[in-house]
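# Understanding the architecture of this molecule
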Amino acid sequence: MGELPSISIVTPTFNAAATIEETLASIAAQNYEQLEHVVVDGGSTDGTLAILERERAAGRLRFVSEPDEGLSDAFNKGVAMATGEFIGWLNADDTYEPGALTAVGRAIAAQPAAEWATGRCKIMGAAGAESRKAVTAYKNFLLARFSLSLFLTNNFVSSPATFARRSVLGEIGALDTRFKYSADYDLWLRLARRGRPVLVDADVARFRMADDS
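Described in the following lines is the structure provided in the data block. The shown structure was predicted, so the numbers you read here are calculated from the model rather than taken from an experiment. (Residues numbered from 1 in each chain as written. Predicted model: local features only at pLDDT ≥ 70, side-chain atom pairs only at ≥ 80, totals over all residues. Heavy atoms only, no water.)

### Brief notes about the packing of aromatic side chains
- Under the criterion given, the structure shown has nine aromatic pairs.
- Ring centres 5.4 Å apart and planes at 70° place the aromatic pair F151 and Y185 in the edge-to-face group. Pair noted here: F151 is in helix α6 (residues 148-151) and Y185 is in helix α8 (residues 183-194), with a separation of 34 residues, a long-range link.
- Given the relative accessible area of 19%, Y185 is considered buried.
- One aromatic cluster in this structure is built from F75, W89, W116, F146, F151, F156, Y185 and W188.
- Geometry around F141 places R145 over its ring, the cationic atom sitting 3.7 Å from the centre. (Phe/Tyr/Trp six-rings, centres within 6.5 Å; stacked < 30°, edge-to-face > 60°. Helix = DSSP H or I, 4+ residues; strand = E, 2+ residues; numbered from the N terminus. Buried < 20%, exposed > 50% of the residue type's maximum accessible area, 1.4 Å probe, protein only. Lys NZ or Arg CZ within 6 Å of the ring centre and 35° of its normal.)

If you want it as structure tokens, here you go:
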């Protein structure tokens with residue numbers, strides 16, 4: 001196995017004070033050596049910036065705060081700021097599972113030509129408890145049988161558990177801001193047309209599904 005790749009995590013935020021500390025804690029707990037965290041804030045007014053300032057002072061992230069055109073635009077700004085070999089996308093109300101980045105890094109290192117990687121992702125409710133287990137099981141069933149033809153009919157790739165090589169995003173572009181709800185699916189499809197992802201055999205992340213998600 002080769003050296004583990006450097007990873008940059010991009011987190012778009014806007015008024016996320018209620019959840020972002022849990023997100024930040026899940027990243028800090030990874031203990032992944034070559035890790036960079038870039039936060040792109042859309043001009044929060046709820047206390048998010050105070051949290052980010054504290055974390056920046058501790059050397060755990062860097063961030064910008066300025067008006068943007070929404071989540072896709074913020075993510076694209078973060079990709080442009082990032083320096084890691086691979087880019088992960090973790091929104092400010094989602095979390096990583098313990099040891100997730102090590103599992104991802106090892107899976108990529110075992111296949112050094114990989115352009116992207118994805119793993120399993122749980123769904124949690126507003127309070128953080130796991131929910132919709134049947135949906136997760138269905139997505140995991142399809143993910144284990146990944147093919148382009150199957151992926152064209154079902155979006156079973158979870159964005160918080162997916163990582164793309166930064167140089168490839170430079171070639172194909174990141175999120176298409178024309179798509180309000182399907183920009184992630186569009187990006188994963190563009191990657192899938194280039195080749196299969198590395199399948200990470202681990203629970204990588206938790207996606208929060210709440211009324212204001």
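After that view, the rundown keeps rolling.
### Some details on the nonpolar core
- Counting residues in each nonpolar core, the largest one holds 25 residues, and the members touching the most others are F75, W116, F151, V157 and W188.
- For this core, the secondary-structure elements that each account for two or more residues are α3 (71-81), β4 (86-89), α5 (133-143), α7 (166-172) and α8.
- Per element, the largest residue contribution to this core is seven residues, and it comes from α8.
- If near-sequence neighbours (up to four positions away) are discounted, W188 is found in contact with W89, W116, F151, V157, S159 and T162. (Core = buried A, V, L, I, M, F, W, Y, C linked by side-chain atoms within 4.5 Å. Contact = heavy atoms within 4.5 Å.)

### A few points about the layout of surface pockets
- A volume near 190 Å³ is recorded for the second largest pocket.
- Lining the second largest pocket we find 13 residues, and of these I27, A28, L35, H37 and R60 sit closest to its centre.
- Sorting the residues of the lining of the second largest pocket by element identifies α1 (20-28) and β2 (35-41) as the ones contributing at least two each.
- Looking at the lining of the second largest pocket residue by residue, the class counts come to six nonpolar, four polar and three charged. (1 Å grid on protein atoms, 1.4 Å probe; cavity = no way out; pocket = protein on both sides within 12 Å on 5 of 7 lines; lining within 4 Å. Points joined across faces, edges and corners; volume = space filled by probe spheres on them. Nonpolar A, V, L, I, M, F, W, Y, C, P; charged D, E, K, R; others polar.)

### Looking at α1
- For α1, the full list of buried residues reads I20, T23, L24, S26 and I27. The buried side chains of α1 occupy one side of the element, clustering within an arc of 160° when seen end-on.
- Elements that come into contact with the buried residues of α1 comprise β1 (7-13), β2, α2 (48-57) and β5 (95-96). (Arc of directions from axis to C-beta.)

### A short note on α8
- For α8, which comprises twelve residues, the first-to-last C-alpha distance of 17 Å matches the rise-based estimate of 16 Å (1.5 Å per residue) to within 8%.
- Along α8, the residues classified as buried are A183, D184, Y185, L187, W188, L189, L191 and A192. (Expected span 1.5 Å × (residues − 1).)

### Notes on the pattern of salt bridges
- All told, the structure shown has 16 salt bridges when counted by the stated rule.
- In this structure, E53 and R56 form a salt bridge, with 2.9 Å as the shortest nitrogen-oxygen distance. Of this pair, E53 and R56 are both found in helix α2, three residues apart, which corresponds to roughly one turn of the helix.
- Look at R56 and you get partly exposed, because its relative accessible area is 35%.
- Residues E55 and R60 are paired through a salt bridge, measuring 2.7 Å at the closest nitrogen-oxygen approach.
- Judged by its relative accessible area of 8%, E55 falls in the buried class. (Salt bridge = Lys/Arg side-chain N within 4 Å of Asp/Glu carboxyl O.)

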